[in-house]
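Spelled out, the chains give:
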Amino acid sequence: MSRPLPILSVFIAVMLLSGLNAQAVTRQAPLGSGTQLDPYQIASLANLSWLAQDDTKWSAWYIQTADIDAAETRYWDDADDNIDGDRYNDANDLTATGTNQGFYPIGNLTTYFHGNYNGQGYTIDNLYIHRTDDMGTPDYSVGLFGWVVDPTLPSGDSPDDPPNTPPSDQGAVKNLGLTNVDLTGYDDVGALVAYLRGTVSNCWAIGGVTGSDAGGLIGIGNLDAVVFESYCNINVHGNIAGGFIGANSGTIYRCYSSGTVFPDYAGGGFVGYNGGTISNCYSRGGLLCPNGPSTRFGGFIGEIVSANIQKCYATGNVAHLGLNNPTDKGFCGAIDGSGPGYTVADNFFDTDTSMQTTDALATATGKSTAEMTDAATFTDVSTPGLTTPWDFFSDPNDDTQTDDVWHISTHNNGYPHLTWDGPCACTLSPTCMTAAKTGGTRIVTIDASRTDCAWTATESLSWVTIAPPSGAGDSTVTITVQANPDYERSGAATIAGIPFQISQDGEFPWTMFIPAMTHTTPLTP
């Protein structure tokens, strides 16, 4: 008669069998054909692995169709141990046994990513890359994407090459989020793109990056790079380091960064080294800089070589390792006079939170936290340091612009925030009407802070109709009041969450009946 296996022995056997059956992700071609009308559909880590390993597909069109967990990339190495053509499905790609280089960036120095990747609002979580030397030339640029280049641009990197305006749809990454990234590289490093000569829009990243030219979202932005409406919360370590971008020669607008920057040579809360155009951006992150000969550290920018920086602000603390903290690096650390010149205007920094009393290079004006959270600081041209008002939603003070770039609310701790990022807000004009007894109509204008701000118009008055009853963004509604054969009347509707008062004359005006009062004097006995 056989003896039953002890429970512990059964458990160990099951675990061993499970380990034998465990298998790393095998690359898999996605659905689609890679054209603009039928893009490849990236739905899994297996699809991402396929894309990273096949540089013949780096000029195609892509959409991401699901959130992707890339935690397994922490154990990937480039050795194809089982010689099946897939570098990342070996047994040691599930454990720390190999070299653990991690994900292979899409696009590199020899083969650019010329395609279009639309994340459609989905995320990639736990992306890991650790490539700390050049490892055979093309691998030193580290990011989800290594080199992203618009193929319609002129060849070369000369400043004499005309910028690409407007950018094309190729060499573009948009609508994609990265969370919990952990990236280390030899040279240019950015969570999303290491080297950009194309377009990035509506992208975001959270985590940490380390490199030589390191930026939270972008490592290096070329003359033709265009980045807009994107953000990151990244801790950045680098020789030249910026909270959003390491070194920039391109155009960046309506972006922001947070996280802490740890630069060695030059660093800023937003950009380490800038020779391009930056407008309507801000940084809420701080700097922790080494004590040493370099002074190229600032709350927003480390060093300017030739630049146009306007309508930007910084709030982060600028500190040195040790006791010798600066007091004059509120916005910019240094200016390189060898460039063709620079323009800076209407920039500010928070003197309370930055621990900086001045900006020695006069690239920005220091304000208290109370002033930095007051829209008048940015829109009233009598404010010291302001020459042209910023474009705020609802046009306060001297602001007459209509793009509604900025807004102040409880969002962002009361500091100005970009309208594309903050909560929806609407205003009405007018907010009331009086109709004749014969009836009438009134057109009401809805000014929304964003095009995707949905609104409704409701009323419970039988004699009033509103059309249309709903919409999104800037709009108009028409209020129609029926004829009134009775007494004067009034009521209220709600449009975009705002009360709208309606009153109407009547055939008979309201009258108030006041009864006669009789005073009786008591008889005297």
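For clarity, every value in this text was computed on a predicted model and none was experimentally measured.

**Observations regarding the confidence of the model for the protein chain**
Detailed reading of predicted coordinates is not advised where the pLDDT is low.
Point 1. Averaged over all residues, the pLDDT of the protein chain is 88; the fraction at 70 or higher stands at 88%.
Point 2. Scored below 50 in pLDDT, residues 1-5 makes one contact in the model with residues more than four places away or belonging to other chains.
Point 3. Between residues 7-21, whose pLDDT stays under 50, and residues either more than four places distant or in other chains, the model counts one contact.

**Concerning the layout of surface pockets**
Point 1. Of the pockets and cavities examined, the largest pocket occupies roughly 300 Å³.
Point 2. Lining the largest pocket are 15 residues, with Glu229, Trp420, Ser449, Arg450 and Thr451 positioned closest to its centre.
Point 3. Partitioned by chemical class, the residues of the lining of the largest pocket number four nonpolar, four polar and seven charged.

**Focus: the state of the cysteines**
Point 1. All told, the structure shown has one disulfide when counted by the stated rule.
Point 2. Paired by a disulfide, Cys424 and Cys453 hold their sulfur atoms 2.3 Å apart. Because the torsion about its S-S bond is -95°, the bridge between Cys424 and Cys453 counts as left-handed. Note that Cys424 is positioned in the loop between β35 (417-418) and β36 (426-429) and Cys453 in the loop between β38 (440-448) and β39 (454-459), a separation of 29 residues in sequence.
Point 3. Residue classification places Cys453 among the buried positions, given a relative accessible area of 0%.
Point 4. This cysteine, Cys281, is not joined by any disulfide, and Cys255 carries the nearest cysteine sulfur, 4.9 Å off.
Point 5. Look at Cys281 and you get buried, because its relative accessible area is 0%.

About the thresholds
- Residues numbered from 1 in each chain as written.
- Predicted model: local features only at pLDDT ≥ 70, side-chain atom pairs only at ≥ 80, totals over all residues.
- Heavy atoms only, no water.
- pLDDT = per-residue confidence, 0-100.
- Contact = heavy atoms within 4.5 Å.
- 1 Å grid on protein atoms, 1.4 Å probe; cavity = no way out; pocket = protein on both sides within 12 Å on 5 of 7 lines; lining within 4 Å.
- Points joined across faces, edges and corners; volume = space filled by probe spheres on them.
- Nonpolar A, V, L, I, M, F, W, Y, C, P; charged D, E, K, R; others polar.
- Disulfide = S-S within 2.5 Å.
- Helix = DSSP H or I, 4+ residues; strand = E, 2+ residues; numbered from the N terminus.
- Buried < 20%, exposed > 50% of the residue type's maximum accessible area, 1.4 Å probe, protein only.

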